[in-house]
Structure formats: structure tokens, C-alpha cells
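Structure assessment
Okay, here's what each chain looks like letter by letter:
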Amino acid sequence: MCIIWFNHPRALEYLLRHGEVYTLRARRKRCPDGHVVVRSRMGVTTRGIINYIGAVNLNDPIERSLLGVFVTKSGFKTVDEWVRAFRELNRNATVAYLYHVAIERKPLAVPGA
């Protein structure tokens, strides 16, 4: 089991509200069994299932446009907004690894609950 951090509130909120989210990562995660512990700086901890979708060259307009299929379940309104948030968190990275994360159980700790 590996850990995946959600440091952007919009992605975390979408995951908690809908039970799933598509997320961009700067590094390829190695989770052989597909199980993850979801954590955030906002104090949320839960368990989930992670699936690798593929790598995306964010400087290639064709590859970047393919994110349009996933943006509706990312927590962001547009691909540009999603990529901008990813780059702000990841020092202007040019390659992103796309994952689908689904909550396996209810959060173990939710702030303000």
C-alpha cells in the first residue's frame, strides 16, 4: 500500500464529495496492489484504490487536449485550470501522470467533523 497526498483543496473536495477523482501527478506512483492511503494537509485520511491511466506531455497540444475526457471528474472546470494548478504545485512540470483514485471507505479523519 502506498500514500497519495492531495494538497489542492478542489481535488480533495471532489474526491470526498463524489468518491472518485482523476488526478495529475509529477511522478509515477508504484502501488503494486492498487491500494492507497489518501492524505491531505487539511487533515483527511482515508483508503482508496488507484489506477494508472497514462503519461501526458503537457506541452503537446494533442496530448493535453486528451485531458478533456477526464476534467469533469478532476474538481476543475477546464483543462487549462487543471494544468495550471498542477504546475503551481509541481514547479512547472511538463509531464504529468494521470490517475483515477476512488475512495474505498469513508474518511478516517475529516477536519471539522
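Heads up: these notes are all about the structure in this document. What you are looking at is a predicted structure, and each value in this text was computed from that prediction instead of being measured.

Time to look at the overall build of the protein chain. In terms of helices and strands, the protein chain carries three helices and five strands. Counting helices and strands in the order they occur from the N terminus, the protein chain gives β-α-β-β-β-α-α-β. What you see for the protein chain is a C-alpha radius of gyration of 13 Å, in line with the 13 Å of a compact globule of 113 residues. Principal axes of the C-alpha set define a box for the protein chain whose edges measure 40 × 30 × 25 Å. Residue burial in the protein chain is summarised as follows: out of 113 residues, 41% are buried. A fraction of 72% describes how many contacts in the protein chain between residues 6 or more apart in sequence connect residues 24 or more apart. Only carbon and sulfur atoms are counted for the fraction: they give 51% of the accessible area of the protein chain, which is about 6700 Å².

By the definition in use, this model includes two aromatic pairs. Ring geometry for Tyr52 against Tyr99: centres 5.2 Å apart, planes inclined by 55°, an arrangement best described as tilted. Taken together, the residues Tyr52 in strand β4 (residues 45-57) and Tyr99 in strand β5 (residues 95-103) connect sequence positions 47 residues apart. Residue Tyr52 is classed as partly exposed on the basis of its relative accessible area of 32%. Cation over ring: Arg25 sits above Phe6, and NZ or CZ is 4.8 Å from the ring centre. The ring of Tyr52 carries the charged tip of Arg28 above its face, separated from the ring centre by 3.5 Å.

Time to look at the state of the cysteines. Enumeration over the complete set of coordinates arrives at one disulfide. A disulfide bridge connects Cys2 with Cys31, and the sulfur atoms are separated by 1.7 Å. Between Cys2 and Cys31, the S-S dihedral sits near 75°, and the bridge is therefore right-handed. Here the residue Cys2 occupies a position in strand β1 (residues 2-6), and Cys31 occupies one in the loop between β2 (20-25) and β3 (35-40), the gap between them amounting to 29 residues.

Let's shift gears to the environment of Leu16. Looking at the secondary structure, you find Leu16 in helix α1 (residues 9-18). Its relative accessible area of 32% is what places Leu16 among the partly exposed residues. For the pair Leu16 and Ala102, spaced 86 residues apart in sequence, the C-alpha to C-alpha distance is 9.3 Å.

Buried within α1 we find Ala11, Leu12, Tyr14 and Leu15. Down the axis, α1 shows its buried residues gathered within 160° of arc, on one side only. Positive backbone phi, at 80°, marks Gly19, one or two positions downstream of α1.

A few words now on the pairing of β3. Pairing between β1 and β3: five bridges, direction parallel. Within β3, the residue paired with Ile3 across the bridge is Val37. Of the strand pairs in this sheet, β3 and β4 are connected by five bridges, and their pairing is antiparallel. Following the sheet pairing, Val37 is matched in β4 by Arg47. In sequence, β3 turns back onto β4 through a hairpin of four residues, with Gly43 there showing a positive phi of about 95°.

Rules of the game
Residues numbered from 1 in each chain as written. Predicted model: local features only at pLDDT ≥ 70, side-chain atom pairs only at ≥ 80, totals over all residues. Heavy atoms only, no water. Helix = DSSP H or I, 4+ residues; strand = E, 2+ residues; numbered from the N terminus. Rg over C-alpha atoms; globule rule 2.2 N^0.38 Å. Buried < 20%, exposed > 50% of the residue type's maximum accessible area, 1.4 Å probe, protein only. Contact = heavy atoms within 4.5 Å. Areas by Shrake-Rupley, 256 points an atom, 1.4 Å probe, with all protein chains shown as cover. Phe/Tyr/Trp six-rings, centres within 6.5 Å; stacked < 30°, edge-to-face > 60°. Lys NZ or Arg CZ within 6 Å of the ring centre and 35° of its normal. Disulfide = S-S within 2.5 Å. Arc of directions from axis to C-beta. Pairing = 2+ DSSP bridges.

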